[in-house]
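Secondary and tertiary structure notes
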Amino acid sequence: MATPTARSRDALQQLLDAMWDFGSPEVSEQRFREAWIDDSSDAHHRAVMATQLVRALGLQSKFSDADAVLDALAGSEPPGEIRARIELERGRLLVSRDAPADAIAHFERAVDEAAAVDAAFLEVDALHMLAIADAGNERDWAQEGLAIVHRSGDSRLKRWGVALHNNLGWTEHDAGDAAAALEHFEAALLFANDHGSAEQRHVARWAVGRCLRTLGRDDEALAIQRELAEQRPDDPFVGEEIAALTGTEPPT
């Protein structure tokens, strides 16, 4: 397989973003399966598509099918970037199987493989997954990922700041430090406003409101949730927050 350049990696990542429909993994599976078997594409492109097929299968709990695709890829002695992707998806499958502790070694290998070929986007993805899987070390992994995010001038990579700060926010919130959590949720919102999608901006703003409720700042929290309700009146999470803040029954 030819070694991809930073520009080709960026173009491929944009293509993956366009192909993914996380609300419909069945549709994503079909798209990536067709791309995987497309003989008009080069071997590297097809291998990347195969790893995304694995992710789509994992989201549907089709674990045996996903394992078979990864085993076939690994058996072809792939280069470093593809090895990083294989380890990343093996780890994700284990998290989906409720075995996060078993996933840690795979994510660590993904970090190492991605760093060795300067694939920063994949490196941060693996660090983000370590922050989810490695209980007790969430802060360290997330901060390592944020260090890469802050050094980067790539807007697409900077979008990881949303997820990493959001994860840290819930870590602090669940540990009982809502003030520290709010700082991370607000940082996630800043990243979402500057680099994220509309969905990320919505979720980040909701998290700020939820944390404000924990802090007893109910008026501010209610103002945020009502604003979000105007934008998405059928969002059940927003409805539940408004109900909690007003002492009413949540919508059914």
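It should be noted that the structure appears before, not after, this text.
Worth saying up front: this structure is predicted, and the values here are computed from it rather than measured.

On to the overall build of the protein chain, then. Each helix and strand in the protein chain was counted, giving 14 helices and 0 strands. Listed by position from the N terminus, the elements making up the protein chain come as α-α-α-α-α-α-α-α-α-α-α-α-α-α. Taking 18 Å as the expected radius of gyration for a compact globule of 252 residues, we find that the protein chain reaches 20 Å, a close match to that expectation. In terms of overall dimensions, the protein chain has a C-alpha envelope of 60 × 35 × 35 Å along the principal axes. In the protein chain, buried positions account for 50% of the 252 residues. Taking contacts inside the protein chain between residues at least 6 apart in sequence as the whole, the part at least 24 apart equals 53%. Within the structure as shown, the protein chain displays about 12,400 Å² of accessible surface, and the carbon and sulfur contribution to it stands at 49%. A gap of 3 Å separates the mean positions of the 25 positive and 46 negative side-chain charges of the protein chain.

On to helix α13 (residues 218-231), then. In this model, α13 (14 residues) spans 20 Å end to end at C-alpha, consistent with the 20 Å of a helix rising 1.5 Å per residue. Buried within α13 are the following residues: Ala-221, Leu-222, Ile-224, Gln-225 and Leu-228. Each buried residue of α13 lies within a common arc of 160° when the element is viewed along its axis, so the set occupies one face. Opposite its buried face, α13 presents the exposed residues Asp-219 and Glu-230, each directed more than 90 degrees away. The secondary structure elements touched by the buried residues of α13 are α12 (198-214) and α14 (236-246).

Our focus in this paragraph is the pattern of salt bridges. Summed over all chains, the structure comprises 17 salt bridges. One salt bridge connects Asp-125 with Arg-92, and the closest N-O pair in it is separated by 3.0 Å. With Asp-125 in helix α7 (residues 120-133) and Arg-92 in helix α5 (residues 80-96), this residue pair connects regions lying 33 residues apart in the sequence. Residue classification places Arg-92 among the buried residues on the basis of a relative accessible area of 12%. A salt bridge links Arg-217 to Glu-220; its shortest N-O distance comes to 2.8 Å. Classification of Glu-220 as partly exposed rests on a relative accessible area of 39%.

A few words now on the packing of aromatic side chains. All chains considered together, the criterion is met by 6 aromatic pairs. Taken together, a centroid distance of 5.2 Å and an interplanar angle of 55° make the contact between Trp-20 and Phe-32 tilted. In this pair, Trp-20 sits in the loop between α1 (6-19) and α2 (25-36) while Phe-32 sits in helix α2, placing the two residues 12 residues apart along the sequence. Accessibility expressed as a relative area gives 11% for Trp-20, which makes it buried. Look at Phe-32 and you get buried, because its relative accessible area is 0%. Its end group placed over the ring of Trp-20, Arg-55 keeps NZ or CZ at 5.6 Å from the ring centre.

Our focus in this paragraph is the environment of Glu-123. Residue position: Glu-123 is located in helix α7. Its relative accessible area of 15% is what places Glu-123 among the buried residues. A sequence separation of 99 residues divides Glu-123 from Ser-24, and the C-alpha atoms of the two residues are 26 Å apart. Filtering out sequence-adjacent residues up to four positions away, Glu-123 remains in contact with Val-111, Ala-114, Ala-115 and Ile-148.

Okay, the side chain of Glu-89 next. With respect to the helices, strands and loops of the structure, Glu-89 is situated in helix α5. A distance of 3.1 Å separates polar atoms of two side chains, one belonging to Glu-89 and the other to Arg-92.

In this section: the side chain of Glu-172. With respect to the helices, strands and loops of the structure, Glu-172 is situated in helix α10 (residues 160-174). At 2.9 Å, the side chain of Glu-172 and the side chain of Arg-139 are in polar contact. Contact partners of Glu-172, with chain neighbours within four places excluded, come to Arg-139, Asp-177, Ala-180, Ala-181 and His-184.

On to unusual backbone geometry, then. Its identity as a non-glycine residue notwithstanding, Ser-61 has a phi of 60°, on the positive side. The topology assignment puts Ser-61 in the loop between α3 (43-59) and α4 (63-74). For Asp-98, which is not glycine, the phi dihedral falls at a positive 60°. As for its position among the elements, Asp-98 is in the loop between α5 and α6 (100-116). According to the relative accessible area criterion, Asp-98 is exposed, its value standing at 70%.

The rules behind these values
Per-chain numbering applies: the sequence of each chain, read as written, is numbered from 1 onward. Confidence filtering applies because this is a predicted model: local features only for residues at pLDDT of at least 70, side-chain atom pairs given and counted only at 80 or more, and all residues used for totals across whole chains, interfaces and linings. Excluding hydrogens and water, the side-chain values take into account all heavy atoms of the structure. Helix and strand assignments come from DSSP, with helices taken as H or I runs of at least 4 residues and strands as E runs of at least 2, each series counted from the N terminus. Note that the radius of gyration is over C-alpha atoms, with the globule rule given as 2.2 Å times the number of residues to the power 0.38. In this scheme, a residue with accessible area under 20% of its type's maximum is buried, one over 50% is exposed, and one in between is partly exposed, where area comes from a 1.4 Å probe on protein chains only. Any pair of residues with heavy atoms lying within 4.5 Å of one another is described as a contacting pair. A 1.4 Å probe and the Shrake-Rupley method give the accessible areas. Residues count as covered only by the protein chains that appear here. Here Asp and Glu are counted as negative and Lys and Arg as positive; His is not counted, and neither are the chain ends. A single reference atom marks each charge: NZ on Lys, CZ on Arg, CG on Asp, CD on Glu. For a helix, the expected span equals 1.5 Å multiplied by the residue count minus one. By construction, the arc corresponds to the directions joining the helix axis to the C-beta atoms. For this document, the term salt bridge refers to a Lys or Arg side-chain nitrogen within 4 Å of an Asp or Glu carboxyl oxygen. Pairing of aromatic side chains requires ring centres within 6.5 Å, counting the rings of Phe and Tyr and the six-membered ring of Trp. Pairs whose planes differ by under 30 degrees are stacked, by over 60 edge-to-face, and all others tilted. Our definition puts a charge over a ring when NZ of Lys or CZ of Arg is within 6 Å of the ring centre and also within 35 degrees of the ring normal. As used in this structure description, the phrase polar contact means that two N or O atoms lie within 3.5 Å; if the pair is within protein, one of them must be able to donate a hydrogen and the other to accept it, and residues adjacent in sequence are counted only when both atoms belong to side chains.

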